[in-house]
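A closer look at the structure
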Amino acid sequence: MKKINFIVCLSAVLLISLQSVAQRKDHENLRDGRKPFDKEEFIAKRNTYITEKVGLTAEKTAVFIPMDNELMWKKFEIGRECLKLERELRSKKDKSDEEYKRLLKCREEVKEKRDQLDKEYLEKFKKVLSAEQILKYQNADKEFFDEYMHDRKK
């Protein structure tokens, strides 16, 4: 009975997420012709893609996907300061070598922090997924991002 309730709840959450994405008004195009980034749409598509590619059951999806989303947003937050520095540097006319060095140092620190998060979450993932599923997840994550970025450039 718990299994059925769980599947019904999970299905409802996914349907609501996808429905809200589908009902959104068309966004104005950015200067380069791309749509603005839609966080909810991105998460829904990514979660569906990973679930299908890895072949997750409803039970594993319910445990794994929230952990994966948490990891993704922690990585994003870690890199936020570097993105800000990079934008500032891009918008400046006169850039100093010191500013470039600061950005390089920031990127290096972000990479180290993200690598540490990957190690930490790999241990968590091992408690939920098999080694094969983790490898499928890692491949699916990279494939999704590559496809998503390719489609956004169109």
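Conventions used here
- Residues numbered from 1 in each chain as written.
- Predicted model: local features only at pLDDT ≥ 70, side-chain atom pairs only at ≥ 80, totals over all residues.
- Heavy atoms only, no water.
- Phe/Tyr/Trp six-rings, centres within 6.5 Å; stacked < 30°, edge-to-face > 60°.
- Helix = DSSP H or I, 4+ residues; strand = E, 2+ residues; numbered from the N terminus.
- Buried < 20%, exposed > 50% of the residue type's maximum accessible area, 1.4 Å probe, protein only.
- Lys NZ or Arg CZ within 6 Å of the ring centre and 35° of its normal.
- Polar contact = N/O pair within 3.5 Å; in protein donor to acceptor, adjacent residues only side chain to side chain.
- Expected span 1.5 Å × (residues − 1).
- Bend = angle between axes of the 7 residues up to and from the residue.
- Disulfide = S-S within 2.5 Å.

**A short note on the packing of aromatic side chains**
Under the defined criterion, the tally for this structure stands at nine aromatic pairs. Between the aromatic rings of phenylalanine 64 and tyrosine 137, the centroid separation amounts to 5.0 Å while the plane-to-plane angle is 80°, which identifies the pairing as edge-to-face. Residue phenylalanine 64 is found in helix α3 (residues 58-91), and its partner tyrosine 137 is found in helix α5 (residues 131-153); the two are separated by 73 residues along the sequence. Summarising the burial analysis for this pair, phenylalanine 64 and tyrosine 137 share the class buried. Following the ring pairs from residue to residue traces out a cluster consisting of Phe42, Tyr49, Phe144 and Tyr148. Sitting above the plane of the tryptophan 73 ring, lysine 39 keeps its charged end 4.8 Å from the centroid. For the cation-ring pair, lysine 124 lies above tyrosine 121, with the distance from its terminal atom to the ring centre recorded as 4.3 Å.

**Some thoughts on the environment of arginine 80**
Relative to the helices and strands, arginine 80 resides in helix α3. Take arginine 80: its relative accessible area is 45%, and that puts it in the partly exposed class. Along the sequence, arginine 80 and valine 110 sit 30 residues apart, while their C-alpha atoms lie 9.3 Å from each other. One polar contact links arginine 80 to glutamate 77, side chain to side chain, over a distance of 2.8 Å.

**Overview of α3**
Helix length check: α3, at 34 residues, gives a terminal C-alpha distance of 46 Å against a target of 50 Å (1.5 Å per residue), a fit within 8%. The sharpest bend along α3 reaches about 40° and sits at glycine 79. Here α3 has its buried residues at Thr61, Phe64, Ile65, Met67, Asp68, Asn69, Leu71, Met72, Gly79, Cys82, Leu85 and Leu89.

**What to know about the state of the cysteines**
This model, assessed by the stated rule, comprises one disulfide. Each sulfur of the disulfide joining cysteine 82 and cysteine 106 lies 2.0 Å from the other. The S-S bond linking cysteine 82 to cysteine 106 shows a torsion near -125°; that makes this disulfide left-handed. Taken together, the positions of cysteine 82 in helix α3 and cysteine 106 in helix α4 (residues 97-126) put the pair 24 residues apart, joining distant regions of the chain. When sorted by exposure, cysteine 82 lands in the same class as cysteine 106, which is buried.

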